Amino acid sequence: VQLQAFGGGLVQAGDSLRLSCAASGRIVSINDMGWYRQAPGNQRDLVASITRGGSTKYADSVKGRFTISRDNPQSTVYLQMNSLKPEDTAVYYCNAEIVLVGPTVRYWGQGTLVTVSS
């Protein structure tokens with residue numbers, strides 16, 4: 001099973017960016033999916049999460065600017081980031097609790113760098 005994240009890049013403050021993360025492999029279903037971020041010298045923090053049923057949770061710092069969504073048939077989670085700020089600069093990681101044939105395992109994607117210049 002793999003989680004592959006796409007969509008990072010260098011943007012200016014106020015711009016928008018959309019991240020996507022697709023799960024592949026022998027997946028039965030996916031429970032929670034989410035995005036975390038880690039800036040240099042900081043811990044990895046939750047940005048947003050979404051349940052299989054579509055309930056969402058956001059960090060206070062991104063509420064009103066970021067939107068998480070998912071496509072269950074495509075095993076993909078998205079993060080639409082609007083009104084980006086320099087403090088949003090970080091490596092963004094996707095995360096998913098994946099039900100396999102047997103165990104349920106939490107996986108991490110490889111990370112995608114988002115850099116917001118002022």
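Just so you know, these numbers come straight off a predicted model, no measurement behind them. (Residues numbered from 1 in each chain as written. Predicted model: local features only at pLDDT ≥ 70, side-chain atom pairs only at ≥ 80, totals over all residues. Heavy atoms only, no water.)

*Asks:* Tell me about the environment of Ser-49, residues and numbers included.
*Replies:* Relative to the assigned elements, Ser-49 resides in strand E5 (residues 45-50). Sequence separation of Ser-49 and Gln-4 is 45 residues, and the distance between their C-alpha atoms is 17 Å. Those residues in contact with Ser-49 that lie beyond four places of it in its chain are Met-33, Gly-34, Ser-55, Thr-56, Lys-57 and Ile-68. (Helix = DSSP H or I, 4+ residues; strand = E, 2+ residues; numbered from the N terminus. Contact = heavy atoms within 4.5 Å.)

*Asks:* Explain the pattern of salt bridges to me, and be specific about the residues and the numbers.
*Replies:* Opposite charge on two side chains permits them to pair, given that their charged atoms come into close proximity. Counted by the stated rule, this structure contains four salt bridges. We note a salt bridge from Lys-63 to Asp-60, for which the minimum N-O separation is 3.0 Å. Each member of the pair, Lys-63 together with Asp-60, is exposed. Arg-106 is the salt-bridge partner of Glu-97, the closest N and O atoms lying 3.5 Å from each other. Judged by relative accessible area, which is 41%, Arg-106 ranks as partly exposed. Bridged by salt links that share partners, the residues Arg-37, Arg-65 and Asp-88 form one connected network. (Salt bridge = Lys/Arg side-chain N within 4 Å of Asp/Glu carboxyl O. Buried < 20%, exposed > 50% of the residue type's maximum accessible area, 1.4 Å probe, protein only.)

*Asks:* Describe in detail the environment of Thr-67, supporting the description with residues and values.
*Replies:* In this fold, Thr-67 is placed in strand E7 (residues 66-71). Take Thr-67: its relative accessible area is 42%, and that puts it in the partly exposed class. Residues Thr-67 and Ala-48 lie 19 residues apart in sequence; the distance between their C-alpha atoms is 8.0 Å. Setting aside chain neighbours within four positions, we find Thr-67 in contact with Tyr-58, Tyr-78, Leu-79 and Gln-80.

*Asks:* Can you break down the packing of aromatic side chains residue by residue, with the values?
*Replies:* As enumerated under the stated definition, the model contains two aromatic pairs in all. The interplanar angle of 65° and the centroid separation of 4.9 Å between the aromatic rings of Tyr-36 and Trp-108 together place this pair among those described as edge-to-face. Here Tyr-36 is found in strand E4 (residues 29-38), whereas its partner Trp-108 is found in strand E10 (residues 104-108), with 72 residues between them in sequence. A ring pair is formed by Tyr-93 and Trp-108, whose centres lie 6.5 Å apart and whose planes are at 90°; its orientation type is edge-to-face. One end of the pair, Tyr-93, is in strand E9 (residues 90-99); the other, Trp-108, is in strand E10, with 15 residues separating them in the sequence. For Trp-108, a relative accessible area of 40% translates into the label partly exposed. Ring-pair connections join several aromatic residues into one group, and the members of that group are Tyr-36, Tyr-93 and Trp-108. Its end group placed over the ring of Tyr-93, Arg-44 keeps NZ or CZ at 3.6 Å from the ring centre. Above the plane of the ring of Trp-108 lies Arg-44, whose end atom (NZ or CZ) is 4.6 Å from the centre. (Phe/Tyr/Trp six-rings, centres within 6.5 Å; stacked < 30°, edge-to-face > 60°. Lys NZ or Arg CZ within 6 Å of the ring centre and 35° of its normal.)

*Asks:* A description of the sheet that holds E7 should follow, citing residues and the corresponding values.
*Replies:* Strand order across the open sheet formed by four strands is E1-E3-E8-E7, with antiparallel pairing between neighbours. Where the open sheet ends on each side, the last strands, each with one partner, are strand E1 (2-6) and E7. For this sheet, the mean angle separating the axes of adjacent strands, direction not counted, is 15°. Pairing of strand E3 (residues 17-24) with strand E8 (residues 76-81), which is carried by six bridges, proceeds in the antiparallel orientation. (Pairing = 2+ DSSP bridges. Axes fitted to C-alpha atoms, helices over the stretch in contact; angles between N-to-C directions.)

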